[in-house]
Amino acid sequence: MFGGGRGLGEKSAFAPRSPYALAKLAAHHACGVYRKAYGVKVSCGILFNHESPLRGRDFVTRKITYHVSKDLPYNLANMTSRRDWGHAADYVRAMHLMLQSEPDDFVVATGESHSVADFVKEAEKHVPWKSKHSVIVATERPWDVTELEGDPSKIRETLGWAPTYTFASMVSEMMLSDSPGLRLAS
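So, a few notes on the structure that sits alongside this text. (Residues numbered from 1 in each chain as written. Predicted model: local features only at pLDDT ≥ 70, side-chain atom pairs only at ≥ 80, totals over all residues. Heavy atoms only, no water.)

### Let's talk about the overall build of the chain
Right, so step 1: Helices and strands together make up the secondary structure of the chain, namely six helices and ten strands.
Right, so step 2: Expected size for 186 residues packed as a compact globule is a radius of gyration near 16 Å; at 18 Å, the chain falls within 12% of this value.
Right, so step 3: Dimensions of the chain, computed from C-alpha atoms along their principal axes, come out at roughly 55 × 35 × 25 Å.
Right, so step 4: A burial count over the chain gives 41% of its 186 residues as buried.
Right, so step 5: Look at the contacts in the chain between residues 6 or more apart in sequence, and 80% of them connect residues 24 or more apart.
Right, so step 6: Summing over all exposed atoms, the chain offers an accessible surface of approximately 10000 Å²; the carbon and sulfur share of this is 58%. (Helix = DSSP H or I, 4+ residues; strand = E, 2+ residues; numbered from the N terminus. Rg over C-alpha atoms; globule rule 2.2 N^0.38 Å. Buried < 20%, exposed > 50% of the residue type's maximum accessible area, 1.4 Å probe, protein only. Contact = heavy atoms within 4.5 Å. Areas by Shrake-Rupley, 256 points an atom, 1.4 Å probe, with all protein chains shown as cover.)

Below you can see the structure in the form of structure tokens.
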């Protein structure tokens, strides 16, 4: 919805760069109109990347954990893209807290970004081999966002929410799910 940047909060400017982001922004604005104009009790969670072992393998995080855990070759488009990756379980807890509060908008994020290369390195900590990935620039998405990092200050201060998973523990859980015999990173 934001089009990229760091420290993105509820007051940050929106600049969607994909049809998906545009649709999310339209729904966000519609909720705001219904809340203000008609008193509908609706909160909007602006959720940054939320990951778990349940994520489909066509998403970069699961592509990495699946292929690294099984020592299979795979292709990536961009190793330098940075995302604010959090665990889906933490984000569901945030949504539940929003439902218990006065209607408002909340950014749900960890407040830290990691590159795709960081994700690969974290996944590789669980295996004795280096992953067999190729970077194929031609597969990059048009007008891709180079960095997305949220500012969860409002939800932390207003609702007391904070993520319980770290980046490392999230990747560890995803790796273990893809290959139960793997060791956990220390």
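From this point, the discussion proceeds with the structure in view.
### Quick word on the pattern of salt bridges
Pairing between side chains of opposite charge can happen when the charged atoms of each approach one another.
Right, so step 1: Applying the stated criterion across every chain yields a total of 13 salt bridges.
Right, so step 2: Two residues, Lys-132 and Asp-71, come together in a salt bridge whose shortest N-O distance is 3.4 Å. Pair noted here: Lys-132 is in the loop between α4 (116-124) and β9 (133-135) and Asp-71 is in the loop between α2 (60-69) and β4 (74-76), with a separation of 61 residues, a long-range link.
Right, so step 3: The partly exposed category is assigned to Asp-71, whose relative accessible area is 26%.
Right, so step 4: Note that Glu-124 is salt-bridged to Lys-130, the shortest N-O span being 3.7 Å. (Salt bridge = Lys/Arg side-chain N within 4 Å of Asp/Glu carboxyl O.)

### With respect to the nonpolar core
Right, so step 1: Counting residues in each nonpolar core, the largest one holds 19 residues, and the members touching the most others are Phe-48, Tyr-91, Val-108 and Ile-155.
Right, so step 2: Contact partners of Ile-155, with chain neighbours within four places excluded, come to Ala-94, Met-98, Phe-106, Val-107, Val-108, Gly-160 and Trp-161.
Right, so step 3: Counting 18 residues, the second largest nonpolar core, distinct from the first, contains Ile-64, Met-79, Val-120 and Leu-182. (Core = buried A, V, L, I, M, F, W, Y, C linked by side-chain atoms within 4.5 Å.)

### With respect to the environment of Pro-53
Right, so step 1: Along the chain, the position of Pro-53 falls in the loop between β3 (50-51) and α2.
Right, so step 2: Sequence spacing of Pro-53 and Leu-176 is 123 residues, and the spatial spacing of their C-alpha atoms is 8.8 Å.
Right, so step 3: In contact with Pro-53, other than residues within four places in its own chain, are Arg-62, His-87, Glu-173, Met-174 and Ser-177.

### Section: the side chain of Ser-113
Right, so step 1: Its location among the elements puts Ser-113 in the loop between β7 (105-108) and β8 (114-115).
Right, so step 2: Beyond its immediate sequence surroundings of up to four residues, Ser-113 is in contact with Arg-82, Arg-83, Asp-84, Glu-147, Leu-148 and Glu-149.

### A word on the pairing of β7
Right, so step 1: Side chains of β7 alternate between two faces, with Asp-105 and Val-107 and Phe-106 and Val-108 buried alike.
Right, so step 2: Here strand β2 (residues 44-47) pairs with β7 via four bridges, running parallel. The partner of Leu-47 across the bridge, within β7, is Val-108. (Pairing = 2+ DSSP bridges.)

### Description of a nonpolar patch on the surface
Right, so step 1: A cluster of nonpolar side chains, Val-33, Tyr-34, Tyr-38 and Val-40, forms an exposed patch at the surface whose accessible area comes to about 430 Å².
Right, so step 2: Its relative accessible area of 60% is what places Tyr-38 among the exposed residues. (Patch = residues over 30% accessible without salt bridge, like charges linked within 9 Å, V, L, I, M, F, W, Y side chains within 5 Å.)

### Some points on helix α3 (residues 88-99)
Right, so step 1: Under the 1.5 Å per step criterion, the end-to-end length of α3 is 17 Å for twelve residues, consistent within 8% with the ideal 16 Å.
Right, so step 2: When we look at burial in α3, the residues that qualify are Asp-90, Tyr-91, Ala-94 and Met-98. Down the axis, α3 shows its buried residues gathered within 95° of arc, on one side only.
Right, so step 3: In this structure, the buried side of α3 is in contact with β2, β3, β6 (86-87), β7 and α5 (153-159). (Expected span 1.5 Å × (residues − 1). Arc of directions from axis to C-beta.)

These figures capture arrangement, not role.
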